[in-house]
Amino acid sequence: MSEFPYNNRTFQILDAAEKGGYAVAAFNCYNTDGILGSIKAAERMKSPAIIEIFPWSIHFHGPEFIKFASEACHAASVPMALHLDHCTLEPDVYKALELPFDSIMVDASSHDPEENIRFVRHIVELAKKRGITIEAEMGRIVGGEDGVPTVDMETLYTEPELAAEFIEGTGVHFLAPSIGNVHGPYPPGGPEKYWELDRLEMIKKLSPSSILVLHGAYPIIDDLMKKTIELGVRKVNLNKNLHVCYLDFLAQNVGKLEMTQLQEQSIAVWAAEAERCIKLLGSDGKAA
């Protein structure tokens, strides 16, 4: 049996993507519809994929939901993993280490750099004992439901030299750099204006063995996304990309369809968009 981290599902999926030069979709899911739709899409496309949930689900749904999500991923006919996204509170990190996650994003990026390194290194060491791999953020990928129209973007970027030191100092398995990407709506100009691809290229050049993750990928600009993959991105977090079409369908059809039809058809809408994303990232057929 392979040793850690090569026996970890998330690492296996992203290591294969690194060697194959493609990216893997990581679908942010808030309910069973998202999980089932993502699995159906990955299986139809014969693609590896990652299901992501937030700490909110640990508190709202409880540990049995996490167990369901994990078992659903692991029962898929293609390689799939369960990932905890943006775990910012220490109690949540420690709780997550006791749950069946394949990987966890430890988000201490709002702390000063020294504290970020110290805390992430500590969690990496604890997680190793449980067979869990760790993603971390370097720089600050800001944003939210209201966007960041007044933010000084220049203060948020990841410095390539510091990223190399961060990876070395923490032992983190996956790095989410800030290259001008934000969560939620972009300031005027969108990703085309703010994404600094030369910065991404330098981060990969100085840390060639790193596995890079892209957050803030809404809206997807196809050509821009393909370029980030060429420059080394191997995991792309997808959230609003799926929820817009899914929620639009629900809003138009609640009260018109039977519950069984509503669920089946809304999942089909989610899956169709997930399939489009998978094809764009180049992972279709990689699990054949």
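Every value quoted in this text rests on a predicted model; they were computed, and no experiment measured them. (Residues numbered from 1 in each chain as written. Predicted model: local features only at pLDDT ≥ 70, side-chain atom pairs only at ≥ 80, totals over all residues. Heavy atoms only, no water.)

1. Digging into the pattern of salt bridges
Going through the model one piece at a time under the given rule, you end up with 14 salt bridges. Of the charged contacts in the structure, one is a salt bridge between glutamate 135 and lysine 235, with a shortest N-O distance of 2.8 Å. Of this pair, glutamate 135 sits in strand 5 (residues 133-138) while lysine 235 sits in strand 8 (residues 233-238), placing them 100 residues apart in sequence. The exposure class assigned to glutamate 135 is buried, which follows from its relative accessible area of 0%. A salt bridge links lysine 227 to glutamate 230; the nearest nitrogen and oxygen atoms lie 3.6 Å apart. (Salt bridge = Lys/Arg side-chain N within 4 Å of Asp/Glu carboxyl O. Helix = DSSP H or I, 4+ residues; strand = E, 2+ residues; numbered from the N terminus. Buried < 20%, exposed > 50% of the residue type's maximum accessible area, 1.4 Å probe, protein only.)

2. A short note on the pairing of strand 7 (residues 211-214)
Burial along strand 7 is two-sided: Ile211 and Val213 and Leu212 and Leu214, pointing in opposite directions, are all buried. Pairing analysis gives two bridges linking strand 6 (residues 174-177) to strand 7, with the strands arranged parallel. Residue pairing in the sheet places phenylalanine 174 in a bridge with isoleucine 211 of strand 7. In this structure, strand 7 lies alongside strand 8, joined through three bridges in parallel fashion. Considered in strand 8, the bridge of leucine 212 is made with valine 233. (Pairing = 2+ DSSP bridges.)

3. Side note on helix 4 (residues 63-74)
The end-to-end C-alpha distance of helix 4 is 16 Å, a good match for the 16 Å that 12 residues give at a rise of 1.5 Å each. Those residues of helix 4 lying buried are Phe65, Ile66, Ala69, Ser70, Ala72 and Cys73. The buried side chains of helix 4 occupy one side of the element, clustering within an arc of 165° when seen end-on. Tucked into the core, helix 4 has its buried residues touching helix 1 (9-20), helix 2 (32-45), strand 2 (49-53), helix 3 (55-60) and strand 3 (80-87). (Expected span 1.5 Å × (residues − 1). Arc of directions from axis to C-beta. Contact = heavy atoms within 4.5 Å.)

4. A short note on the side chain of glutamate 52
Structurally, glutamate 52 can be placed in strand 2. A polar contact is formed between the side chain of glutamate 52 and the side chain of asparagine 28, at a distance of 3.2 Å. The contacts of glutamate 52, once residues within four sequence positions are left out, are Ala26, Phe27, Asn28, Cys29, His83, Asp85, Lys235 and Asn237. (Polar contact = N/O pair within 3.5 Å; in protein donor to acceptor, adjacent residues only side chain to side chain.)

5. Describing the confidence of the model for the chain
Per-residue confidence for the chain gives a mean pLDDT of 93; residues scoring 70 or more make up 94%. Of the regions scoring below 50 in pLDDT, residues 145-150 engages in eight contacts with residues more than four places distant in sequence or in other chains. (pLDDT = per-residue confidence, 0-100.)

6. Remarks on the packing of helix 2 against helix 4
In contact at an axis separation of 11 Å, helix 2 and helix 4 are set at 10° when each is read in the N-to-C sense. Looking at the two axes, helix 2 sits roughly parallel to helix 4. Of the residues in helix 4, those touching helix 2 at Thr32, Ile35 and Ile39 are Phe65, Phe68, Ala69, Ala72 and Cys73. Looking at side-chain class alone, the contact of helix 2 with helix 4 contains seven nonpolar, one polar and no charged residues. (Axes fitted to C-alpha atoms, helices over the stretch in contact; angles between N-to-C directions. Parallel < 35°, antiparallel > 145°, perpendicular 65-115°, else oblique. Nonpolar A, V, L, I, M, F, W, Y, C, P; charged D, E, K, R; others polar.)

7. Describing the sheet that holds strand 8
Taken together, eight strands build a closed barrel; the order of strands is 1-2-3-4-5-6-7-8 and the barrel is parallel. Sheet twist, expressed as the average angle between the axes of neighbouring strands with direction ignored, equals 25°.

8. What to know about the packing of helix 10 (residues 222-230) against helix 12 (residues 259-281)
Axis separation between helix 10 and helix 12 bottoms out at 9 Å; the angle between their running directions is 50°. One element, helix 10, and the other, helix 12, form an angle in the oblique class. Packed against helix 10, whose contacting residues are Asp222, Met225, Lys226 and Ile229, the element helix 12 presents Arg276, Leu280 and Leu281 at the interface. Looking at the contact of helix 10 with helix 12 residue by residue, the class counts come to four nonpolar, no polar and three charged.

9. Notes on the packing of aromatic side chains
For the structure shown, the criterion picks out seven aromatic pairs. Here tryptophan 56 and phenylalanine 60 contribute two aromatic rings whose centre-to-centre distance is 4.9 Å and whose plane-to-plane angle is 10°, an arrangement assigned as stacked. Of the two residues, tryptophan 56 and phenylalanine 60 are both situated in helix 3; the distance of four residues between them amounts to about one turn of the helix. Members of the aromatic cluster, each reached through a chain of ring pairs, are Tyr30, Phe54, Trp56 and Phe60. (Phe/Tyr/Trp six-rings, centres within 6.5 Å; stacked < 30°, edge-to-face > 60°.)

10. What to know about the environment of glycine 21
Secondary-structure assignment places glycine 21 in the loop between helix 1 and strand 1 (24-28). Residue contacts for glycine 21: discarding those within four places in its chain leaves Ile229 and Arg234.

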